[in-house]
Amino acid sequence: METLDQIKSRLTHALLGARLEIVPNESPSSQRSLLVDSEHARAVAQWLRDDPELCLDYCSNVTGVDWLEAVGKTKIKKTVVVDGVEKELEETVDSLRSGYLEAVYHLFSMAKKHGPVILRLRTENRTDKNHLPSLTPVWHGCEFQEREIFDLYGVVFDGHPDLRRILMWDGFKDHPMRKDYVEPDDYEYEPTPHDAVLEKAKKHQAQEAKP
Amino acid sequence: MDEGLRSELQKQGIFTTTLGEIYNWGRKNSVWPLNFGLACCAIEMIATTMARYDLARFGAEVFRPSPRQADLMIVAGTVTKKMAPQVVRLYNQMGEPKYVIAMGACAISGGPFKQGYNVLKGIDRYIPVDVHIPGCPPRPEALIHAFMTLQQKIAEQQLTGAQRPRHLRADAPSEFTVPEFGDHDLVPTKNPDVWQPQVLIRG
Ligand code: SF4
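Being a predicted model, the structure only gives us computed values, none of them experimental.

1. Considerations on the domain arrangement of chain A
Working step 1: Domain annotation of chain A identifies domain 1 (4-65 + 102-177) and domain 2 (181-211).
Working step 2: Between domain 1 of chain A and domain 2 of chain A, the C-alpha centre-to-centre distance is 38 Å.

Below you can see the structure in the form of structure tokens.
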């Protein structure tokens, strides 16, 4: 299969205007992924599926990720003139990254027996701009998994044929897989607590002790 | 009747029994479980009914697909909060006398998923459980052991007096509150008549 860089360069030629970015991965697997902007996501998906070379006809997995607001470190290259000589210096700058929600698609080709190609879509923020285009019209297998992301992370997939909660009941509030989800306090009986549970159980006991 | 006299009579070919004994003997050897499973433990439960472990030896091979015909509910697997009302409703639909075996870590306490956002911390919060089996999953032998424990429990039931079982008491409840879906949890989170947190004494 082509490398992700090759796919990206072909895509940029095929779909003018699509904003693509390769997300690096520094873990041992070094599995890099392709970040696609929301406006062109559907077209990119269609292209990846129908391209005769790639023929990514199978979406094996869709998952959600919740990225809280965080301080990220970015490296900036600077040219400084030291004693009349131009030098390039690298500097790390702290920058506040705003939070967002992400949907990650793992694509394979059944016909060509290759893959995966990993797509990422990001919402603008975690609160009101939490819409993403649904890729269910391209790969029907995404239907339930996008519903799951909607249910657990609160990403709204535009163009999804049947966007309802799938694991939690209708009428459930909030999205339990979000990192700031506040769970109900039901730590009244913890016979063998440890670590995080121990803390929660203690908190519950302290609250119960209050009149 | 005196045990010695009874065995003496038996040697002469005269069998004696009491109504209570024969009634319980019949009941304990024809306990029909309700046919449903909730997660991985159900696979072990199925294995128990198959030829190798052969639950039929205990008169319990007839898994009924309807709660109306079942005597025993084997809660085999993870009870999610979304499923819990249905489990309680099925229990309510069973006719008395009825028994519950909670099979596996999940059914007795939530097990490996205990702190999960959608997992009930034990079905005994809503319905009375007769036998708890720990294990993840419990082996078929453990289920058979639980079953024999239940049989013993049935055999020891007194048909009269203050200690008589629930199905012989008109005032005892046979239906329990079905929880409703709330904003984040079931409402109520437990049935206080059935389950109260035990007092933990820590050293
Ligand atoms: S106790 Fe273990 S085997 Fe049984 S349902 Fe739970 S996770 Fe599965």
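2. Description of the sheet that holds strand E3 (residues 131-133) of chain B
Residues and elements named next belong to chain B.
Working step 1: Strands sit in the order E1-E2-E3 across an open sheet of three strands; the sheet is parallel. The sheet is open, and its two borders are formed by strand E1 (72-76) and E3, each paired with just one other strand. With direction set aside, neighbouring strand axes in the sheet form an average angle of 15 degrees.
Working step 2: Across five bridges, E1 lies against strand E2 (residues 99-103) in parallel orientation. Across the sheet, the residue bridging to Met73 is Val100, located in E2.

3. Section: the site of the ligand
Residue and element names in this part refer to chain B.
Working step 1: Of all residues adjacent to the ligand, which total 13 residues, the nearest are Cys40, Cys41, Ala105, Cys106 and Cys136.
Working step 2: For the shell around the ligand, the leading source of residues is helix H5 (residues 104-109), giving three residues.
Working step 3: Taken together, the residues of the shell around the ligand sort by class into nine nonpolar, four polar and no charged.

4. Brief notes about the packing of helix H1 (residues 4-14) of chain A against helix H2 (residues 38-50) of chain A
All names here are of chain A.
Working step 1: Between H1 and H2, the shortest axis-to-axis distance is 11 Å and the interhelical angle comes to 115 degrees. Crossing of H1 against H2: the hand is right-handed. From H1, Ile7, Arg10, Leu11 and Ala14 reach across to H2, where they touch Val44, Trp47 and Leu48.
Working step 2: Of the residues that constitute the contact of H1 with H2, the class distribution is six nonpolar, no polar and one charged.

5. A look at the interface of chain B and chain A
Working step 1: On the chain A side, the residues contacting the 19 residues of chain B number 22 residues.
Working step 2: The largest contributions to the chain B side of the interface with chain A come from Gln115, Tyr117 and His184 of chain B, which together make up 32% of the buried area.
Working step 3: Where chain B packs against chain A, one counts eleven residue pairs in polar contact (both at pLDDT 80 or more).
Working step 4: Of the residues that constitute the side of chain B that touches chain A, the class distribution is five nonpolar, five polar and nine charged.

6. Quick word on the side chain of Glu44 of chain B
All names here are of chain B.
Working step 1: Among the structural elements, Glu44 can be located in helix H3 (residues 41-49).
Working step 2: Buried charged residue Glu44 carries no salt bridge. Nearest counter-charge: Arg139, at 5.7 Å.
Working step 3: Excluding anything up to four places from it in sequence, Glu44 contacts Met103, Pro137, Pro138, Arg139 and Pro140.

7. Describing the packing of aromatic side chains
Working step 1: This model, assessed by the stated rule, comprises seven aromatic pairs over all chains.
Working step 2: Summarising the aromatic geometry, the rings of Trp169 of chain A and Phe172 of chain A are spaced 5.1 Å apart at their centres and angled 85 degrees between planes, so their arrangement reads as edge-to-face.
Working step 3: Assessed through its relative accessible area of 5%, Phe172 of chain A is described here as buried.
Working step 4: Between Tyr189 of chain A and Trp195 of chain B, the aromatic rings sit 5.9 Å apart at their centres with planes inclined by 70 degrees, giving edge-to-face as the arrangement. Remark: Trp195 of chain B occurs in the segment after strand E5 (186-187) and Tyr189 of chain A occurs in the loop between strand E9 (156-158) and helix H4 (195-209); the pair is interchain, linking two chains.
Working step 5: By way of ring pairs, the aromatic residues Trp169, Phe172 and Tyr181 of chain A together with Phe181 of chain B are connected into one cluster.

8. Structural notes on the pairing of E1 of chain B
Residues and elements named next belong to chain B.
Working step 1: Among the five residues in E1, five count as buried, and that is most of the element.
Working step 2: Burial along E1 is two-sided: Leu72, Ile74 and Ala76 and Met73 and Val75, pointing in opposite directions, are all buried.
Working step 3: Where the polypeptide runs from E1 across helix H4 (residues 84-93) and back to E2, its parallel neighbour, the crossover connection is right-handed.

9. Some details on the sheet that holds strand E3 (residues 58-67) of chain A
Residue and element names in this part refer to chain A.
Working step 1: Strand order in the open sheet made by the five strands is E1-E2-E7-E6-E3, with mixed pairing throughout. Two strands bound the open sheet, and with one partner strand each, they are strand E1 (20-23) and E3. Between one strand axis and the next, the sheet turns through 25 degrees on average, direction left out of account.
Working step 2: Two strands pair when backbone bridges link them, and E3 and strand E6 (residues 100-109) are joined in this way by nine bridges, in the antiparallel orientation. Opposite Trp67, over in E6, you have Tyr100 as the bridge partner.
Working step 3: Against the sheet, H1 makes contact with E1, strand E2 (33-36) and strand E7 (114-122), and its axis sits at roughly 170 degrees relative to E1, the strand it touches most.
Working step 4: Across the face of the sheet, helix H3 (residues 142-153) comes into contact with E3 and E6 while running at roughly 10 degrees to E3.

10. Overview of H2 of chain A
All names here are of chain A.
Working step 1: Compared with an ideal rise of 1.5 Å per residue, which puts 13 residues at 18 Å, H2 spans 19 Å between its outermost C-alpha atoms and is within 8% of the ideal.
Working step 2: Along H2, the residues classified as buried are Ala41, Val44, Ala45, Trp47 and Leu48.
Working step 3: Looking at the buried side of H2, the elements it contacts are H1, E1, E2, E6, E7 and strand E8 (131-133).

Rules used throughout
- Residues numbered from 1 in each chain as written.
- Chains lettered and ligands numbered in written order.
- Predicted model: local features only at pLDDT ≥ 70, side-chain atom pairs only at ≥ 80, totals over all residues.
- Heavy atoms only, no water.
- Domains from an automatic or database assignment.
- Pairing = 2+ DSSP bridges.
- Helix = DSSP H or I, 4+ residues; strand = E, 2+ residues; numbered from the N terminus.
- Axes fitted to C-alpha atoms, helices over the stretch in contact; angles between N-to-C directions.
- Near = heavy atom within 4 Å.
- Nonpolar A, V, L, I, M, F, W, Y, C, P; charged D, E, K, R; others polar.
- Left-handed = near helix turned anticlockwise from the far one by under 90°.
- Contact = heavy atoms within 4.5 Å.
- Buried area = accessible area lost by both parts, 1.4 Å probe.
- Polar contact = N/O pair within 3.5 Å; in protein donor to acceptor, adjacent residues only side chain to side chain.
- Buried < 20%, exposed > 50% of the residue type's maximum accessible area, 1.4 Å probe, protein only.
- Lys, Arg positive; Asp, Glu negative; His and termini not counted.
- Salt bridge = Lys/Arg side-chain N within 4 Å of Asp/Glu carboxyl O.
- Phe/Tyr/Trp six-rings, centres within 6.5 Å; stacked < 30°, edge-to-face > 60°.
- Right-handed = clockwise from strand over helix to strand, strands pointing away.
- Expected span 1.5 Å × (residues − 1).

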